[in-house]
Amino acid sequence: MTKATTLGELQQTEWASPARIHRTVKDELRENLICLLENGSPLFPGIVGYEESVIPQLVNAVLSRHNFILLGLRGQAKSRILRQLVTLLDEEIPILAGSEVNDNPFAPISKFGRELVAEQGAGTPIAWLPRESRFVEKLATPGRHHRRHHRRRGPHQGRARRSPAVRRADDALRAPAPGEPRHLRDQRAARPRREDPGGPVQHHAGGGRPGEGYPVRLNLDVALVFTANPEDYTARGKIITPLKDRIGSEIVTHYPYTVELGAAITRQEAWLERNGRPLKLPDFVAELIERVAFEAREDKRVDRRSGVSQRLPISVLENVVSNAERRTVTTKEKTVVPRISDIYAALPAITGKLELEYEGELQGPESIAKDLIRRAAGKTFESRVGGANVDDIVHWFDEGGALKISMDERSETCLKGFSVVPGLLDLVDQVGLAGKKDPGTMVAACELVLEGLVAEKRISRNEELGYVRARAEPKGPGYGKTGGGGGGPNLFQ
């Protein structure tokens, strides 16, 4: 359909109906959400694992026209959900052409807009504002609202009083801490606008002190959405009561409930589509990477209040692929195939994302990261190879066998080394980890079997000799002990 270019033409469309003229931003979100539900359209594309928990609660909050808060630990897609809320707005809306505040043609609030309509009447020019231009993300200073999202009629440089239709979201809302009166003042200063989102905003212009200047009173249409981390939301005081009371729904986000869901999110978000050699990622390598995050979230040495972000496995996967890519380029192989040893090379992507408790600080982040990889390898080995007969492999090491292979060797060279271990290559083929005609995946699978046996303490690692027979556990507390033998990446030189 041809879009209206003048106010007269616009008055002949549905935009001039009383229901549309008086429709609030919350009504707009609600109506468009209902259309998506009726059509069976996806509501929040790319948000995985919330289909039965968070998304139904979000739908209820929007249908109820609530201001709501997303409460959860870092890396739980809270900001991404806020950014996707803009898709519930109309694709475009009419505004007065030339208006700096994108005036509603039927109810302009600026002097420019009112004079323009009075002078030109039905000939007043109309422009169309796309959905993307109604969305602004604003990062605030620490101790205030870290990120703010605005859905409104037009840009206002972060000042809600300049816009007649505002949808606002405060990301990372934090409570005032004891001894931090400035933060409390920040919330109290913001309280008048938030206490009555549907009411007017009053601002005294032209004066530096209360009572000076003249009042500016604008009727704003505002909806508020916040995000917060539980540690800030509860441990440092509370959000002031008048504000908290007007948050209609508190929606708690969470990490993926299963390794499969987590791996799906990680694959979706990680940068894997790279120029150059093709990538073949073994599914058991992806599973092991995801289990590192799951193990970290259950580890008592890791601060659970801070959480272990989903960004950890995403960063690890990217680093693992990069290490495999580097090896493939230097060895001139055709396909990039990540191995278990590449995960040990990705320690920097783990250590920087762990907030440790006191015991963890004593042991050190690198030691804990290696331990997490070892435990994740044990869980992956159990899920993929559990129940298979590995006695011949263990017996060979018990009889004095040792194996040390560089992780930067070509796949064919590594397979020659693994072939000296009785039954190893046959086991990998029998349990379906890899076929014998796929040397790259075979190497990764052999490493998984050996790492799994190390995790089960049936064999051990030695930095000088590589994989060797199991050894007795040292006695005493031994901070930093990872069990099952030494180091991790030091094996591969």
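As a reminder, the structure under discussion sits directly above these lines.
Report on the accompanying structure. Model, not experiment: these values are computed from the prediction. (Residues numbered from 1 in each chain as written. Predicted model: local features only at pLDDT ≥ 70, side-chain atom pairs only at ≥ 80, totals over all residues. Heavy atoms only, no water.)

## Details of helix 10 (residues 259-269)
Three or more residues of helix 10 are buried, namely Val 259, Gly 262, Ala 263, Ile 265 and Thr 266. The buried residues of helix 10 occupy an angular sector of 160 degrees when projected down its axis, which confines them to one face. On its buried face, helix 10 is in contact with helix 11 (283-298) and helix 12 (311-331). (Buried < 20%, exposed > 50% of the residue type's maximum accessible area, 1.4 Å probe, protein only. Helix = DSSP H or I, 4+ residues; strand = E, 2+ residues; numbered from the N terminus. Arc of directions from axis to C-beta. Contact = heavy atoms within 4.5 Å.)

## Comments concerning the environment of Ala 77
Mapped onto the elements of the fold, Ala 77 is located in the loop between strand 1 (68-71) and helix 5 (78-84). Its relative accessible area of 29% is what places Ala 77 among the partly exposed residues. As a C-alpha pair, Ala 77 and Tyr 50 span 27 residues in sequence and 9.9 Å in three-dimensional space. Ignoring any residue separated from it by four or fewer positions in sequence, one finds Ala 77 in contact with Ile 47 and Tyr 50.

## Comments concerning the side chain of Thr 124
Along the chain, Thr 124 falls in the loop between helix 6 (111-120) and strand 3 (126-130). The buried category is assigned to Thr 124, whose relative accessible area is 0%. Reaching out from Thr 124, the side chain makes a polar contact with the backbone oxygen of Gly 121 at a distance of 2.6 Å. (Polar contact = N/O pair within 3.5 Å; in protein donor to acceptor, adjacent residues only side chain to side chain.)

## Describing the packing of helix 11 against helix 20 (residues 439-455)
The N-to-C vectors of helix 11 and helix 20 enclose an angle of 40 degrees; their axes lie 10 Å apart at closest approach. Here helix 11 lies oblique to helix 20, going by the angle between them. Residue-level inspection shows Phe 284, Val 285 and Leu 288 of helix 11 in contact with helix 20, the latter providing Thr 441, Ala 444, Ala 445 and Leu 448. Its residues assigned to classes, the contact of helix 11 with helix 20 shows 6 nonpolar, 1 polar and no charged. (Axes fitted to C-alpha atoms, helices over the stretch in contact; angles between N-to-C directions. Parallel < 35°, antiparallel > 145°, perpendicular 65-115°, else oblique. Nonpolar A, V, L, I, M, F, W, Y, C, P; charged D, E, K, R; others polar.)

## What to know about the pattern of salt bridges
Under the defined criterion, the tally for this structure stands at 26 salt bridges. We note a salt bridge from Glu 31 to Arg 23, for which the minimum N-O separation is 3.1 Å. For Lys 280, the salt bridge identified is with Asp 438, shortest N-O distance 2.4 Å. With a gap of 158 residues between them, Lys 280 in the loop between helix 10 and helix 11 and Asp 438 in the loop between helix 19 (424-430) and helix 20 connect regions that are remote in the sequence. Residue Lys 280 is classed as partly exposed on the basis of its relative accessible area of 40%. Via salt bridges that share partners, Glu 295, Asp 299, Arg 301, Asp 371, Arg 374, Arg 375 and Lys 379 belong to a single interconnected network. (Salt bridge = Lys/Arg side-chain N within 4 Å of Asp/Glu carboxyl O.)

## As for the packing of aromatic side chains
Following the criterion strictly, the structure yields 2 aromatic pairs and no others. Relative to Trp 128, the ring of Trp 15 has its centre 5.9 Å away and its plane inclined at 70 degrees; by these criteria the two rings are edge-to-face. With a gap of 113 residues between them, Trp 15 in the loop between helix 1 (7-10) and helix 2 (18-21) and Trp 128 in strand 3 connect regions that are remote in the sequence. Taking relative accessible area as the criterion, Trp 15 reaches 15% and is therefore assigned buried. Judged by centre distance (4.9 Å) and plane angle (80 degrees), the rings of Trp 396 and Phe 397 are edge-to-face. Above the plane of the ring of Trp 15 lies Arg 20, whose end atom (NZ or CZ) is 4.5 Å from the centre. Seen from the ring of Tyr 255, Arg 297 lies directly overhead, with NZ or CZ sitting 4.0 Å from the centre. (Phe/Tyr/Trp six-rings, centres within 6.5 Å; stacked < 30°, edge-to-face > 60°. Lys NZ or Arg CZ within 6 Å of the ring centre and 35° of its normal.)

## Thoughts on the nonpolar core
Leu 288, Leu 354, Ile 393, Phe 418, Val 449 and Leu 450 are the most contacted members of the largest nonpolar core, which totals 63 residues. Ranked by residue count, the leading element in this core is helix 20, at 10 residues. Once residues within four sequence positions are removed from consideration, Leu 288 is found in contact with Ile 340, Ile 343, Ile 373, Ala 376, Ala 377, Thr 380 and Leu 448. Core analysis: the second largest hydrophobic core is formed by 23 residues, Leu 43, Val 59, Val 62 and Leu 88 among them. (Core = buried A, V, L, I, M, F, W, Y, C linked by side-chain atoms within 4.5 Å.)

## Points about the side chain of Arg 23
With respect to the helices, strands and loops of the structure, Arg 23 is situated in the loop between helix 2 and helix 3 (25-39). Those residues in contact with Arg 23 that lie beyond four places of it in its chain are Trp 15, Glu 28, Glu 31, Asp 90 and Asp 221.

## Details of the pairing of strand 11 (residues 459-462)
Note: strand 11 against strand 12 (residues 466-469), 4 bridges, orientation antiparallel. Along strand 12, the bridge assignment pairs Ser 460 with Val 468. Counting the residues in the hairpin turn of strand 11 and strand 12 gives 3 residues. (Pairing = 2+ DSSP bridges.)

Function cannot be read off these values alone, since they describe shape.
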